[in-house]
Amino acid sequence: QVQLVESGGGLVQAGGSLRLSCAASGRTFSRYAMGWFRQAPGKEREFVAAISWSGGTNYANSVKGRFTISRDNAKNTAYLQMNSLKPEDTAVYYCAATPTGAYSQIEYYNSWGQGTQVTVSS
């Protein structure tokens, strides 16, 4: 497993942008696919985006065209660039790692960060 720490959350107005970072330590970062999930109050945790070890990406329909996931294996860090933010994007965002692929199913991920709050005001 890898240890993950998210950063970059905050309060932003609708239409604004934020970039989340996920710093990893532990096992070889480049061998893991990385994912971002989010959980709004009273809702289940849902898939946002994922990136494979080779750079292949996968996005939820709700964020496609607005969010971009990337990784820098030299820095052991994954990123989530969020543009054109909407109030419905408000949630705690979690970074996760899996030794498999860039899957959307939460059960594939075995390492999780503590989460970072993103709040989008209307």
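The rules we used
- Residues numbered from 1 in each chain as written.
- Predicted model: local features only at pLDDT ≥ 70, side-chain atom pairs only at ≥ 80, totals over all residues.
- Heavy atoms only, no water.
- Helix = DSSP H or I, 4+ residues; strand = E, 2+ residues; numbered from the N terminus.
- Buried < 20%, exposed > 50% of the residue type's maximum accessible area, 1.4 Å probe, protein only.
- Contact = heavy atoms within 4.5 Å.
- Areas by Shrake-Rupley, 256 points an atom, 1.4 Å probe, with all protein chains shown as cover.
- Lys, Arg positive; Asp, Glu negative; His and termini not counted.
- Charge placed at Lys NZ, Arg CZ, Asp CG, Glu CD.
- Pairing = 2+ DSSP bridges.

Caption draft 1: Layout of the overall build of the protein. Check the secondary structure of the protein and you find zero helices and eleven strands. For the protein, the succession of helices and strands along the chain, N to C, is β-β-β-β-β-β-β-β-β-β-β. Considered along the principal axes of its C-alpha atoms, the protein spans approximately 40 × 25 × 25 Å. Put simply, the protein has 122 residues, and 44% of those count as buried. The long-range share in the protein, meaning contacts at least 24 apart out of those at least 6 apart in sequence, stands at 58%. Here the protein has roughly 6100 Å² of accessible surface; of this, 45% comes from carbon and sulfur atoms. Across the protein, the mean location of the 11 positive side-chain charges is 7 Å away from that of the 7 negative side-chain charges.

Caption draft 2: Fine view of the pairing of strand E4 (residues 33–39). E4 sits mainly inside the fold: six of its seven residues count as buried. Note: E4 against strand E9 (residues 91–98), seven bridges, orientation antiparallel. Along E9, the bridge assignment pairs Trp-36 with Cys-95. Pairing geometry for E4 and strand E5 (residues 46–51), over five bridges, is antiparallel. Looking at the pairing, Trp-36 lines up with Ala-49 of E5.

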